[in-house]
Amino acid sequence: MIVAGRAWSQFTLGDVLLLRDFLEMRRAVEVGTAARFGATLLGGVMLLAWFESPAQSQTSQGANSLPPVTVDAPTQQTIHRTPSKRDASRVRSTSRRVTAPGALQAEAVAAQSQPSRSGVVPAFAGGQVAQGARLGLLGNTGTMKSPFNVTSYTDKFIRDQQAATGADALILDPSVRSSHPTGGVLDSFYIRGFPVNEGNNGEFAFEGLYGIAPTYRIFTDYVERIEVLKGPSAALSGIAPNGGVGGVINVVPKRAGEDLTRFTVDYGSAARFGGHWDVARRYGDSKEWGVRASGSLRDGDTPIDRQSETTGVGSLALDYQGERYRSWLYLIAQTDRFDAPSRPFLMAAGVPVPKAPDGRLNVTQPWEWSRINDQSVLWRNEYDVTDQVTLFADVGGSRTNVERFFGLPTITNTRGDTTSTPQFFGLSIDRHTYDGGVRARFDTGFVRHAVTFQASVYHDELYRRLTNGTLVTSNIYSPTVAPTQFANEIAGRPRLSDSQLTGLSIADTLSVLDERVLLTLGVRRQGVEANNYVSNVGTLANSYDKSATTPVVGLVVRPRDNVSLYANYIEGLSKGDIAPQQTGVSNGGEILPPYIAKQYEAGVKVDFGRVATTFSAFEISKASGETLAGRFGATAETQVRGLEFNVFGELRPDVRVLGGVSLLDGTLTKSAITSRVGNTPIGVPNVQANVGAEWDLPWARGLTLNGAVIYTGRQFVDADNKQPIPDWTRLDLGARYTTAINGRKTVFRANIQNVTGTTYWSSVASFGTFFLGAPRTYLVSMTVDM
């Protein structure tokens with residue numbers, strides 16, 4: 001991957017592919033040794049280049065750079081809006097701070113007054129969140145003009161948190177809770193009390209499209225923004241592949257803006273080393289061609305006993321920005337390999353949940369493992385027919401291969417004894433997506449319209465083979481090592497399921513009074529074709545072909561430039577649950593008809609210049625399946641009412657804040673089991689609260705301290721509300737030092753997660769599985785901009 005005399009800026013896609021092929025080998029001692037050597041070599045070469053190469057000047061902002069690019073439809077040329085004095089003063093106030101020697105300006109607000117050259121919405125004061133986000137087919141929309149509660153976390157915030165995955169990056173969102181353990185193979189979530197990304201189809205959106213992002217985990221190497229649109233969004237984003245209605249997590253990928261050459265070396269306890277690269281260049285007379293390559297290699301032991309993880313990521317983004325035609329091509333390859341991955345727990349019926357053990361303890365056997373490989377591609381295109389009309393078309397897909405051998409431990413008593421049967425699980429997932437349409441802007445009298453029409457097709461196919469090992473016993477407080485078992489792999493993977501989701505959508509945002517009042521009206525006609533096959537056999541078990549119409553209505557009223565009152569009604573659409581194939585269920589494998597979820601929401605957003613707040617109230621109701629008298633059916637309904645408060649920005653130029661609180665009232669409003677009516681749904685706490693803060697020390701130039709407090713209320717692991725896990729609080733602390741060494745910007749970061757070493761059960765998935773909280777974890781890194 002590195003040859004003598006070769007500059008880091010000449011790193012190519014071939015190198016990424018070689019790295020991917022290297023990581024495709026089955027894990028062995030040699031792989032671990034080579035990976036550690038590779039990470040060390042990366043750091044050594046970077047340091048050598050740092051001290052030995054002459055400093056290279058970076059292209060100044062505004063010189064030979066591509067004009068700002070957005071994905072929105074072009075605005076009318078006859079309308080010109082003069083920035084307000086308040087906006088101008090905000091830009092002046094945020095441009096004063098310097099956080100490092102050598103006149104290095106803070107990344108948080110360096111370009112706040114200008115659109116990003118990489119095509120993303122600019123950051124708000126403080127640099128941790130953006131001033132807007134993508135609203136499905138509506139495209140990028142400013143926060144104050146959006147009729148929804150949406151938050152977009154920036155690459156700067158992600159790097160400062162040393163967040164390796166999407167779950168790490170969303171730790172300070174009070175509406176979001178990860179529902180899978182640290183050290184696990186999956187990132188799944190609860191958003192507004194409803195599960196998201198629980199299943200094998202993948203529910204991360206990528207550039208607003210499903211079926212592109214890796215299925216189970218998002219690594220932040222290729223992420224420019226992680227956006228969270230809270231609430232159902234079938235009319236905006238289409239039906240979610242796993243049926244999630246709590247919200248949409250959208251990945252905005254990195255692409256070339258200003259020229260960049262950045263390298264990072266990092267260490268995580270107990271002995272996990274890694275290296276990351278991020279290189280961007282623009283070419284052509286008008287800088288119309290862009291290339292961005294990024295990736296990482298990490299390997300070693302985690303802070304969880306007997307657990308090790310190897311990850312490799314490579315991504316490439318190519319783009320062309322012509323006068324009327326624009327095109328983007330994204331390629332991603334990643335591998336994630338665990339020995340002794342953390343597993344969730346099941347609780348035996350009627351047994352109280354025992355006290356959580358030390359987060360470092362691991363009942364997973366050292367011979368249990370997981371190997372997941374993902375490849376993704378997306379090609380996006382836009383063409384401006386006129387200054388007011390834009391055509392767009394996208395095509396892409398992904399492939400995931402899973403091989404794993406582990407069990408699901410069940411806690412059988414209050415002493416913490418467990419039983420688990422390891423299972424070999426071979427799974428192949430193929431997904432592809434197509435969409436196209438038109439965006440147009442025009443006036444009818446004094447009313448301005450922004451109309452989008454979109455047609456879309458999503459298709460997935462799953463192939464799976466299961467074989468079982470033999471029973472293993474252990475204990476959560478004193479894990480034991482059982483005799484080694486080996487995976488009994490059988491050739492061939494019979495088809496497990498396939499589905500096709502088609503949609504026709506149209507939406508119009510009408511605005512009057514210089515966008516003081518905005519009304520969004522939209523509707524999607526969604527088709528759902530689904531087939532389910534007999535496990536390990538592949539013969540068709542059942543299928544259906546259904547369709548539904550889901551609307552959206554959103555209103556924004558802006559009595560002042562910095563105040564927005566908003567309300568919305570929107571529906572979510574989910575494929576019906578699949579009846580579990582287990583003893584006592586007569587219709588195992590049957591697919592239930594689609595569910596429609598409904599949301600009512602209202603709120604207020606206030607931009608104080610450096611600090612912004614959002615307060616919202618919402619109600620979401622959704623049907624769900626349950627088993628009664630030996631048959632699984634859609635006889636239950638869950639309703640979650642909530643109040644959310646979010647705050648982000650700068651309290652003063654050297655103090656930043658991010659966080660909020662979410663108060664949830666979850667209720668089972670319908671059930672065929674009458675004793676459950678009025679109970680709290682599985683996994684829904686009554687309170688979620690986060691607060692994070694950063695402070696640039698005035699007497700130590702370039703040094704920033706940060707901290708976060710995360711609180712989650714009591715949750716239940718059963719629908720009968722007889723097995724609760726207690727509330728918990730976690731404290732994280734960190735520091736970073738920004739300086740210039742030999743003319744190159746250098747950032748040292750150190751973070752401690754769970755500083756107090758609190759032991760706790762962290763969260764519950766909708767299946768009733770629950771998870772052990774993260775142990776105390778140390779993260780250290782050094783980043784150099786060459």
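Predicted model, so just to flag it, every value in this text is computed and none were measured.

K.L.:
Explain the overall build of the chain to me, and be specific about the residues and the numbers.
P.N.:
When you go through the chain residue by residue, the secondary structure sums to six helices and 41 strands. Classification of the 786 residues of the chain by burial places 61% in the buried group. Within the chain, contacts between residues separated by at least 24 positions form 69% of all contacts whose residues are at least 6 apart in sequence. Summed over all atoms, the accessible surface of the chain reaches about 29800 Å², with 58% contributed by carbon and sulfur.

K.L.:
Go over the sheet that holds strand β10 (residues 223-230), please, and point to the residues and values.
P.N.:
Taken in spatial order, the four strands of this open sheet run β5-β10-β11-β9, and their pairing is mixed. The open sheet is flanked by β5 (150-154) and β9 (204-206), the only strands paired with a single partner. The sheet shows a mean angle of 25 degrees between the axes of neighbouring strands, direction not considered. In this sheet, strand β11 (residues 247-253) lies alongside β10 in antiparallel orientation, the contact comprising seven bridges. Residue pairing for β11: Lys 230 is matched across the bridge by Gly 247.

K.L.:
Summarise the environment of Val 657; cite the residues concerned and give the values.
P.N.:
One can find Val 657 in strand β32 (residues 655-670). With a relative accessible area of 12%, Val 657 lands in the buried category. Among residues more than four places away in sequence, those in contact with Val 657 are Gln 128, Val 647, Phe 648, Gly 649, Leu 651, Val 691, Gly 692 and Ala 693.

K.L.:
Tell me about the pattern of salt bridges, residues and numbers included.
P.N.:
Between side chains of opposite charge, a pair can form when the charged atoms approach closely. Scanning all chains against the criterion turns up 44 salt bridges. A salt bridge links Lys 145 to Glu 515; the nearest nitrogen and oxygen atoms lie 2.4 Å apart. On the criterion of sequence distance, the pair formed by Lys 145 in the loop between β4 (140-142) and β5 and Glu 515 in the loop between β25 (495-512) and β26 (517-533) is long-range, its members being 370 residues apart. Residue classification places Lys 145 among the partly exposed residues on the basis of a relative accessible area of 26%. A salt bridge links Glu 309 to Arg 217, with the shortest nitrogen-to-oxygen separation between them at 2.9 Å. Note that Glu 309 is positioned in strand β15 (residues 308-321) and Arg 217 in the loop between β9 and β10, a separation of 92 residues in sequence. Residue class for Glu 309 comes out buried when judged on its relative accessible area of 7%. Salt bridges sharing partners connect three or more residues here, namely Glu 207, Arg 255, Arg 326, Arg 380, Glu 382, Asp 384, Asp 394 and Arg 439.

K.L.:
Go over unusual backbone geometry with me, naming the residues and quoting the values.
P.N.:
Following Ser 269, the chain continues into Ala 270 via a peptide bond in cis, with omega recorded as 10 degrees. Here Ala 270 is to be found in the loop between β12 (260-268) and β13 (271-283). Despite not being glycine, Arg 192 shows a phi value in the positive range, around 55 degrees. Its location among the elements puts Arg 192 in the loop between β7 (189-191) and β8 (194-196). If you check the backbone angles, Asn 742 has positive phi at about 55 degrees while not being a glycine.

K.L.:
For the packing of aromatic side chains, give the residues involved together with the corresponding values.
P.N.:
The description of two aromatic rings rests on the distance between their centres and on the angle between their planes. The full count for this structure, using the stated rule, is 15 aromatic pairs. Taking 5.3 Å as the distance between ring centres and 85 degrees as the angle between the ring planes, the aromatic pair formed by Phe 124 and Phe 648 counts as edge-to-face. Note that Phe 124 is positioned in the loop between β2 (104-105) and β3 (132-134) and Phe 648 in strand β31 (residues 631-652), a separation of 524 residues in sequence. Like Phe 124, the residue Phe 648 is buried in the burial classification. Among the aromatic side chains, those forming a connected cluster through ring pairs are Trp 289, Tyr 320 and Tyr 325.

K.L.:
Describe in detail a nonpolar patch on the surface, supporting the description with residues and values.
P.N.:
Where nonpolar side chains cluster on the molecular surface, the patch consists of Tyr 325, Trp 379, Tyr 383, Val 385, Leu 391, Val 395 and Tyr 434 and spans about 620 Å² of accessible area. Elements with a contribution of two residues or more to the nonpolar patch: β18 (369-384) and β19 (389-406). Tracing the backbone shows Val 385 in the loop between β18 and β19.

K.L.:
Outline the side chain of Glu 227, supporting the account with residue identities and numerical values.
P.N.:
Along the polypeptide, Glu 227 turns up in strand β10. Within the buried core, Glu 227 has no salt-bridge partner, and the shortest N-O distance to an opposite charge, that of Arg 225, equals 6.1 Å. A distance of 3.2 Å separates a polar atom in the side chain of Glu 227 from the backbone nitrogen of Arg 134. For Glu 227, the residues in contact, after removing those within four places along its chain, are Ala 133, Arg 134, Thr 151, Ser 152, Val 248, Ile 249, Asn 250 and Val 252.

Definitions and cut-offs
- Residues numbered from 1 in each chain as written.
- Predicted model: local features only at pLDDT ≥ 70, side-chain atom pairs only at ≥ 80, totals over all residues.
- Heavy atoms only, no water.
- Helix = DSSP H or I, 4+ residues; strand = E, 2+ residues; numbered from the N terminus.
- Buried < 20%, exposed > 50% of the residue type's maximum accessible area, 1.4 Å probe, protein only.
- Contact = heavy atoms within 4.5 Å.
- Areas by Shrake-Rupley, 256 points an atom, 1.4 Å probe, with all protein chains shown as cover.
- Pairing = 2+ DSSP bridges.
- Axes fitted to C-alpha atoms, helices over the stretch in contact; angles between N-to-C directions.
- Salt bridge = Lys/Arg side-chain N within 4 Å of Asp/Glu carboxyl O.
- Phe/Tyr/Trp six-rings, centres within 6.5 Å; stacked < 30°, edge-to-face > 60°.
- Patch = residues over 30% accessible without salt bridge, like charges linked within 9 Å, V, L, I, M, F, W, Y side chains within 5 Å.
- Lys, Arg positive; Asp, Glu negative; His and termini not counted.
- Polar contact = N/O pair within 3.5 Å; in protein donor to acceptor, adjacent residues only side chain to side chain.

Read these as layout, nothing more, since geometry by itself doesn't imply function.
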